[in-house]
2 protein chains.
Amino acid sequence: MTLMRVLAISGSLRESSSNTSLLRALVTLAPADTTVHFSAPLDSLPFFNSDVEEARLPQSVQAWRQDVGLADAIVISSPEYAHGVSGVLKNALDWLVGGVEINGKPVSVLNARPQASVAHGALVETLRVMGARVVDQTAVPLTGRKLDHSGIAADPELAALLQAVLSTLRQSTEDAAGGPA
Amino acid sequence: MTLMRVLAISGSLRESSSNTSLLRALVTLAPADTTVHFSAPLDSLPFFNSDVEEARLPQSVQAWRQDVGLADAIVISSPEYAHGVSGVLKNALDWLVGGVEINGKPVSVLNARPQASVAHGALVETLRVMGARVVDQTAVPLTGRKLDHSGIAADPELAALLQAVLSTLRQSTEDAAGGPA
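Residues numbered from 1 in each chain as written. Chains lettered and ligands numbered in written order. Predicted model: local features only at pLDDT ≥ 70, side-chain atom pairs only at ≥ 80, totals over all residues.

1. Considerations on the sheet that holds strand 3 (residues 73–77) of chain B
Residue and element names in this part refer to chain B. With parallel pairing, five strands are arranged side by side in an open sheet as 2-1-3-6-7. Strand pairing shows two members of the sheet lacking a second neighbour, strand 2 (34–38) and strand 7 (133–139), which therefore form its edges. Going from strand to strand, the sheet's axes swing by 20° on average, the running direction of each strand aside. Pairing geometry for strand 1 (residues 4–10) and strand 3, over five bridges, is parallel. From the neighbouring strand, Leu 7 faces strand 3, where its bridge partner is Ile 74. (Pairing = 2+ DSSP bridges. Helix = DSSP H or I, 4+ residues; strand = E, 2+ residues; numbered from the N terminus. Axes fitted to C-alpha atoms, helices over the stretch in contact; angles between N-to-C directions.)

2. Quick look at the relation of the copies chain B and chain A
Note on the copies: chain B fits chain A at an RMSD of 0.0 Å, the axial shift is 0.0 Å, and the rotation between them is 180°. The operation mapping one copy onto its partner corresponds to a two-fold rotation axis. No C-alpha of chain B approaches the rotation axis more nearly than that of Gly 87 of chain B, which lies at 2.2 Å. When the interface residues of chain B are mapped onto chain A, 100% of them again fall at the interface, so both copies present the same face. (Least-squares fit on C-alpha atoms with pLDDT ≥ 70 in both. Contact = placed C-beta atoms within 7 Å.)

3. Here we look at the packing of helix 4 (residues 87–94) of chain A against helix 4 (residues 87–94) of chain B
As a packed pair, helix 4 of chain A and helix 4 of chain B sit with axes 7 Å apart at the nearest point and diverge in direction by 170°. Between helix 4 of chain A and helix 4 of chain B, the angle falls in the class roughly antiparallel. Along the contact surface, helix 4 of chain A presents Gly 87, Val 88, Lys 90, Asn 91 and Asp 94 of chain A, while helix 4 of chain B presents Gly 87, Val 88, Lys 90, Asn 91 and Asp 94 of chain B. Across the contact of helix 4 of chain A with helix 4 of chain B, the residue classes tally to two nonpolar, four polar and four charged. (Parallel < 35°, antiparallel > 145°, perpendicular 65-115°, else oblique. Nonpolar A, V, L, I, M, F, W, Y, C, P; charged D, E, K, R; others polar.)

4. Some thoughts on the sheet that holds strand 2 (residues 34–38) of chain A
Residue and element names in this part refer to chain A. Here five strands make up an open sheet; going across it, the order is 2-1-3-6-7 and the pairing parallel. Each end of this open sheet is capped by a strand with a single partner; those strands are strand 2 and strand 7 (133–139). For this sheet the average axis-to-axis angle between neighbouring strands, irrespective of direction, equals 20°. Relative to strand 7, strand 6 (residues 106–111) runs parallel, the two being bridged by six bridges. In the sheet register, Val 107 faces strand 7, and the bridge partner there is Val 134. In the packing of helix 5 (residues 118–129) onto the sheet, the strands contacted are strand 6 and strand 7, and the crossing angle to strand 6 comes to about 170°.

5. Re the interface of chain B and chain A
The interface of chain B with chain A comprises 28 residues on the first partner and 28 residues on the second. Listed by contribution, the elements that provide at least two residues to the side of chain B that touches chain A are helix 2 (50–55), strand 5 (84–85), helix 4 and helix 5 (118–129) of chain B. Examining the composition of the side of chain B that touches chain A, we find that six residues originate from one element, helix 4 of chain B, more than from any other. Here the side of chain B that touches chain A is built from residues that sort into 13 nonpolar, eight polar and seven charged.

6. Some remarks on the pairing of strand 2 of chain A
Residues and elements named next belong to chain A. Two elements, strand 1 (residues 4–10) and strand 2, share five bridges in a ladder whose sense is parallel. Note on strand 2: the bridge partner recorded for Ala 8 is Phe 38. In terms of handedness, the path from strand 1 via helix 1 (residues 18–29) over to strand 2 forms a crossover that is right-handed. (Right-handed = clockwise from strand over helix to strand, strands pointing away.)

Set out below in structure tokens:
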């Protein structure tokens, strides 16, 4: 049984973001062979500028690329703002374009508000163009339910959805490695 | 003849960005009844966070909203990163969603690389959802031509395209005001 390291990325900076709560619930629900840890907050990165990228990669960007590179799999949960991906998440992805860290990496994209599908589709498109393997897109309907991460983890239906996300990622990493470890 | 104030917004922070060069050429080409001025660099804004928006709007965001609010019309030129709108531009737009400044405002969206159309479409969609009037989308093919802003302004074909952009915006502001001033 190999440990699977999952990197959790929230596209929202709000303290009580339902996207962040989903990911926190994933931390709680992870089985013994899986660790889920959060990326540094995405606002610790500067705004993408290819002049800066060419001159000298900022420390925070190096750390961000390393976080992505060391992960076996990634889960992203992000809000939709005005039918688009949140600027803060897109900016973080912009810094990965010049690297190789996300290449071939299994990614699961959660959607806490399934009726908002435009940004979700745009995010999946961007990830694919960047070379990520989007192996799973799971709608986790939280709209209208005021649940924090423990409430989510305690809800049998939602917990089952999130456990399936981890199990799909596990399968994908094993497929890529040529079979179970 | 009323003065038309046009706000120019570049989605790239690169010093020699072709999108910024296009907008600089627009400044040069503006007729006497039109001023084109740049927004403050978009990386002077913080990352969008609705907790911050609700608690106290940062000074830079207030200035950004005011810039948009005072403009008669807006021109945006932005690169496409991984089939998406640049994070820095999307973040700036995210800060406008909670305000009214862009509502009904005529906007022209330039595309310096017409073969990159996914982000362009996504940007137009976001602007429309935000209540802006996208009155013009102009492709200004710069790919493979190493032109700075004076080179662009000196090229008769490109200059004509950019002058038409300003003239369409002028027409749109007059339509909105119920006829020529």
